[in-house]
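This is what each chain is made of:
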Amino acid sequence: MNLVEFINMGGYAAFVWPSYVVALAVLIGNVVAARASHRRAVAEALRRAQGASS
Amino acid sequence: MWTWFHKLASPPHFYRVAGMLIPWFGWPAFILIVASLYGGLVLAPPDYQQGDAFRIIYVHAPSAWMSLFIYVVMAMSAAIGLIWRMKLAHAVAASCAPIGASFTFAALATGALWGQPMWGTWWVWDARLTSELILLFLYLGYMALRASIEDLQRADRASAVLAIVGVINVPIIHYSVVWWNTLHQAPSVTKMGAPTISTSMLVPLLMMILGFTLFFAAVLLIRVRGEVLRRERSAVWIREALSA
């Protein structure tokens, strides 16, 4: 199969590719957001633990 | 069995085990998603009616499945947290909401991108689409309710009630295409008897659904670890868990 044909998606490129971009963005966004949320929780917990010891 | 269960539910133990489990869900999810992208975009033949536009199914149906599955996990965890006053269950429920909302958004957006070429419209107010939109508002309402209550325990309990009441929407979404006359096509995978989809089209779809589900498990564990920390008041184990 040639590449131009593949990218063209039988004339539906304008609908197929954006939907894959949306899905991949949601997947990547989930990983980034979950990691950020965990990092925030760690920072807050450490601050609390420090406050309790002093 | 019960001692094992109680041990798992203890925050320090859970925090450690969850940390170890994340790559065991994350990497298989990654491999499955990449493989089914290839299977769905390259190996599967074009549909005889929809041409290549049908390939949107490989991101649309798994997203829609996740939007429902995550809601059920969230409502069940909320119920367990409410009944047995289990902090870990509340932590799971709270972690589900943003992930579920994101997949609901993906299902709606990819659905619109599929609806335009097939039905000639991005959106119709039919039963399936409207009930899925309500699901998005349920997730967002749940998150807004949690954010509006300062005290974590009260936020857990109040939002749990909302999550449990909202679960009524899940069977409505699932059966909407059967109960009402809608533009949305009937399910092609879960139909009784033989699925109405050929094997080379079906296999990447099932792989993608499994991949998304494992992906959810990995992301959920990352978030729950954070939520467990937020509920933890014991400085001793926080220092222990985070220094290790």
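Heads up: the structure comes first, above all this text.
Predicted, not measured: the structure shown is a model, and the values here were computed from it.

(A) A look at the packing of helix α2 (residues 11–43) of chain B against helix α9 (residues 235–243) of chain B. Residues and elements named next belong to chain B. Where α2 contacts α9, the two axes come as close as 10 Å, and the packing angle between them is 15°. The angle between α2 and α9 places the two elements in the roughly parallel class. The handedness of the crossing between α2 and α9 comes out as right-handed. Counted together, Pro11, Pro12, Tyr15 and Arg16 of α2 and Trp237, Glu240 and Ala241 of α9 form the full contact between these two elements. In terms of residue class, the contact of α2 with α9 is made up of five nonpolar, no polar and two charged.

(B) Just unusual backbone geometry, in detail. Notably, Met9(A) is not glycine yet its phi reads approximately 50°, a positive angle. You can see Met9(A) is positioned in the loop between α1 (3–8) and α2 (13–53). Judged by the 19 C-beta atoms lying within 10 Å of it, Met9(A) is partly exposed. The backbone of Arg85(B) shows a phi angle near 50°, a positive value even though the residue is not glycine. Structurally, the position occupied by Arg85(B) is in the loop between α3 (57–84) and α4 (87–119).

(C) Representation of the interface of chain B and chain A within the structure. Contacts between the two partners involve 34 residues from chain B and, on the opposite side, 30 residues from chain A. Broken down by secondary-structure element, the contributors of at least two residues to the side of chain B that touches chain A are α3, α4, α8 (199–230) and α9 of chain B. Top contributing element to the side of chain B that touches chain A by residue count: α4(B), with twelve residues. For the side of chain B that touches chain A, the class distribution of residues is 20 nonpolar, seven polar and seven charged.

(D) Spotlight on α8(B). Compared with the 46 Å implied by 1.5 Å per residue over 32 residues, the 46 Å span of α8(B) between its first and last C-alpha is a close match. Summarising burial for α8(B): 23 of the 32 residues are buried, a large majority.

(E) Molecular detail of the environment of Gly115(B). All names here are of chain B. Assignment of secondary structure puts Gly115 in helix α4. Given 20 C-beta atoms within 10 Å, Gly115 falls into the buried group. It is 28 Å that separates the C-alpha atoms of Gly115 and Cys96, two residues lying 19 residues apart in sequence. Sequence-distant contacts of Gly115, defined by excluding residues within four places in its chain, comprise Thr121, Trp122 and Trp123.

(F) Seen up close, α4(B). Residues and elements named next belong to chain B. For α4, which comprises 33 residues, the first-to-last C-alpha distance of 46 Å matches the rise-based estimate of 48 Å (1.5 Å per residue) to within 8%. Of all the bends found along α4, the most pronounced is centred on Ala97 and spans about 30°, while Pro98, a proline, follows it within four residues. The element α4 is largely enclosed, with a buried count of 26 among its 33 residues. At the exit of α4 stands Gly120, carrying a positive phi of roughly 80°.

(G) Examining the nonpolar core more closely. Judged by nonpolar contacts, the single largest core of 73 residues is most densely connected at Ile56(B), Met74(B), Ala93(B) and Phe215(B). Looking at this core, the elements with two or more residues in it are α2 of chain A together with α2, α3, α4, α5 (127–148), α6 (152–166), α8 and α9 of chain B. Not counting chain neighbours up to four residues away, the residues in contact with Phe215(B) comprise Leu27(A), Ala29(B) and Ile33(B).

Here is what the cut-offs are and how they apply
Residues numbered from 1 in each chain as written. Chains lettered and ligands numbered in written order. Predicted model: local features only at pLDDT ≥ 70, side-chain atom pairs only at ≥ 80, totals over all residues. Axes fitted to C-alpha atoms, helices over the stretch in contact; angles between N-to-C directions. Helix = DSSP H or I, 4+ residues; strand = E, 2+ residues; numbered from the N terminus. Parallel < 35°, antiparallel > 145°, perpendicular 65-115°, else oblique. Left-handed = near helix turned anticlockwise from the far one by under 90°. Contact = placed C-beta atoms within 7 Å. Nonpolar A, V, L, I, M, F, W, Y, C, P; charged D, E, K, R; others polar. Buried ≥ 20, exposed ≤ 12 C-beta atoms within 10 Å, placed from the backbone. Expected span 1.5 Å × (residues − 1). Bend = angle between axes of the 7 residues up to and from the residue. Core = buried A, V, L, I, M, F, W, Y, C linked by C-beta atoms within 7 Å.

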